[in-house]
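Summary of the model geometry
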There are 2 protein chains.
Amino acid sequence: LKTTPSVELKIKHIDEMKFSVELHDGRTVKLDSSEQMDQSFTPMELFLAALAGCTAMDVQWIMERQRQKADKFEVRATGTRRDGDPKYYEEVDLEYTIAGPNIRKEAVERAIRLSQEEYCSVRAMLNDSVKVHITYKIASDGGPEQEYVYASALS
Amino acid sequence: LKTTPSVELKIKHIDEMKFSVELHDGRTVKLDSSEQMDQSFTPMELFLAALAGCTAMDVQWIMERQRQKADKFEVRATGTRRDGDPKYYEEVDLEYTIAGPNIRKEAVERAIRLSQEEYCSVRAMLNDSVKVHITYKIASDGGPEQEYVYASALS
């Protein structure tokens, strides 16, 4: 995947817990911590989107290179926070769902492994206090959905 | 800071490297990896926004509790990626800028330390391959901006 060597942004305080993130080219993300989020996000929501998005892009891309055309490709992510401070994600569950005319389990397993172990930049920055559990569902050639546990998650 | 115990989201593939992130309540973030990003973001941009946003919220909140009223509060973040895969941030530079009528260096240093060591959930998930460099600028009572290196960054 094409990447830029560095990323720069600036965060400005607006009021209360509202902040604005500005990227170099003017794109913005709003941050907040309230219950009325409108189109604002918490840092931990953005983090989970970054982690799940990173591996979603990898797996989609690797599946295409393996000539595994997916009609449907989704990644569900759940992050469960610690009770005390810092309230990081003790557990992250990632569930990949892939449907297509001829989706092979081995190809999906390999794509996930390459992402988790070699490509996903966000994954590579995490320490061991974050337990990542991975499952995937495959519906091949219009058949019923089969669910699997990613093998490396068992080790 | 008030937090929810868990975060859930779903990422759907749209086409090419375009994905849509959907939070439980319908908020969405668009992901992409192209040069025409419009209002899309890369996972690594979201990650840096999450990390800088997390500590920005902490430091702003702790400063208020220390009765250090800031008229201006900003955090600049730069992430420098590794050349090879995985292209994670080898270096992250965080620069806090705080201006106000009576901003004490010790209060800023303490707020940053509490964030980095006790509160920032995103920071707490990072491993040691990510080197975080921290500086801060203070303009107190209309005086000139003074720049400091966060002490713990020297150890």
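So, how was this worked out
Residues numbered from 1 in each chain as written. Chains lettered and ligands numbered in written order. Predicted model: local features only at pLDDT ≥ 70, side-chain atom pairs only at ≥ 80, totals over all residues. Heavy atoms only, no water. Salt bridge = Lys/Arg side-chain N within 4 Å of Asp/Glu carboxyl O. Helix = DSSP H or I, 4+ residues; strand = E, 2+ residues; numbered from the N terminus. Buried < 20%, exposed > 50% of the residue type's maximum accessible area, 1.4 Å probe, protein only. Pairing = 2+ DSSP bridges. Disulfide = S-S within 2.5 Å. Phe/Tyr/Trp six-rings, centres within 6.5 Å; stacked < 30°, edge-to-face > 60°. Lys NZ or Arg CZ within 6 Å of the ring centre and 35° of its normal. Least-squares fit on C-alpha atoms with pLDDT ≥ 70 in both. Contact = heavy atoms within 4.5 Å. Buried area = accessible area lost by both parts, 1.4 Å probe. Nonpolar A, V, L, I, M, F, W, Y, C, P; charged D, E, K, R; others polar.

1. What to know about the pattern of salt bridges
In this structure the tally under the stated criterion is 16 salt bridges over all chains. A salt bridge links Lys18 of chain B to Asp32 of chain B; its shortest N-O distance comes to 3.1 Å. Of this pair, Lys18 of chain B sits in strand E2 (residues 18–23) while Asp32 of chain B sits in the loop between strand E3 (28–31) and strand E4 (40–41), placing them 14 residues apart in sequence. When its relative accessible area of 4% is taken as the criterion, Asp32 of chain B is described as buried. One salt bridge in this structure joins Arg113 of chain B and Glu117 of chain B, with 3.9 Å as the shortest N-O distance. Taken together, the positions of Arg113 of chain B and Glu117 of chain B, both in helix H2 (residues 105–119) and 4 residues apart, correspond to about one turn of that helix. Salt bridges here are not isolated pairs; linked through shared partners, they connect Asp25 and Arg27 of chain A together with Glu45 of chain B.

2. What to know about the pairing of strand E1 (residues 6–15) of chain B
Direction of pairing for strand E5 (residues 72–81) of chain A relative to E1 of chain B: antiparallel, over a ladder of 7 bridges. Looking at the pairing, Glu74 of chain A lines up with Lys12 of chain B of E1 of chain B. One ladder, built from 6 bridges, connects E1 of chain B with E2 of chain B; its direction is antiparallel. Each residue of the ladder has a partner; that of Ile11 of chain B, found in E2 of chain B, is Val21 of chain B.

3. Quick word on the state of the cysteines
Here a disulfide denotes a covalent bond joining the sulfur atom of one cysteine to the sulfur atom of another. All names here are of chain A. Counted under the stated rule, the structure contains 2 disulfides over all chains. Sulfur-sulfur distance for the disulfide between Cys54 and Cys120 comes to 2.5 Å. Placement of Cys54 in helix H1 (residues 43–65) and of Cys120 in the loop between helix H2 (105–119) and helix H3 (121–124) is noted, with a sequence separation of 66 residues between them. For Cys120, a relative accessible area of 2% gives the class buried.

4. Description of the packing of aromatic side chains
Across all of its chains, the model carries 9 aromatic pairs over all chains by this definition. Where Trp61 of chain A meets Tyr119 of chain A, the ring centres are 6.3 Å apart and the plane angle is 75 degrees; that geometry is what we call edge-to-face. Residue Trp61 of chain A is found in helix H1, and its partner Tyr119 of chain A is found in helix H2; the two are separated by 58 residues along the sequence. For Tyr119 of chain A, a relative accessible area of 26% corresponds to the partly exposed category. Three or more aromatic residues joined by ring pairs form one cluster here, namely Phe47 and Tyr89 of chain A together with Phe47 and Tyr89 of chain B. Above the face of the Tyr148 of chain A ring, Lys105 of chain A is positioned so that its terminal group lies 5.0 Å from the ring centre.

5. Considerations on the relation of the copies chain A and chain B
Superposing chain A onto chain B requires a rotation of 180 degrees together with a translation of 0.0 Å along the rotation axis, leaving an RMSD of 0.0 Å. The two molecules are tied by a two-fold rotation axis, judged by turn and shift. Of the residues that chain A buries at the interface, 100% are likewise interface residues in chain B, meaning the two copies contact each other through the same surface.

6. A closer look at the sheet that holds strand E8 (residues 146–149) of chain B
Ordered in space as E4(A)-E3(A)-E2(A)-E1(A)-E5(B)-E6(B)-E7(B)-E8(B), the 8 strands form an open sheet in which the pairing is mixed. Strand pairing shows two members of the sheet lacking a second neighbour, strand E4 (40–41) of chain A together with E8 of chain B, which therefore form its edges. In this sheet, E8 of chain B lies alongside strand E7 (residues 131–140) of chain B in antiparallel orientation, the contact comprising 4 bridges. Bridged to Ile138 of chain B within E8 of chain B is Gln146 of chain B.

7. Describing unusual backbone geometry
Residue and element names in this part refer to chain A. With an omega of -10 degrees, the peptide bond running from Asp85 to Pro86 counts as cis. Looking at the secondary structure, you find Pro86 in the loop between E5 and strand E6 (89–100). Positive phi outside glycine occurs at Asp141, with the angle close to 55 degrees. For Asp141, the location among the structural elements is in the loop between strand E7 (131–140) and strand E8 (146–149).

8. Quick word on the interface of chain A and chain B
On the chain B side, the residues contacting the 71 residues of chain A number 71 residues. Summing both sides of the interface, chain A and chain B together bury roughly 6,300 Å²; the carbon and sulfur share of this comes to 64%. Three residues stand out in chain A for area buried against chain B, namely Arg27, Met57 and Met125 of chain A, and they jointly supply 12% of the buried area on that side. Where chain A touches chain B, the interface holds 2 salt bridges. In this structure, the salt-bridge partner of Glu45 of chain B is Arg27 of chain A, at a minimum N-O distance of 2.7 Å. Elements represented by at least two residues in the side of chain A that touches chain B include exactly strand E1 (6–15), strand E2 (18–23), strand E3 (28–31), E4, H1, E5, H2 and H3 of chain A. A breakdown of the residues in the side of chain A that touches chain B according to their chemical character gives 38 nonpolar, 17 polar and 16 charged.

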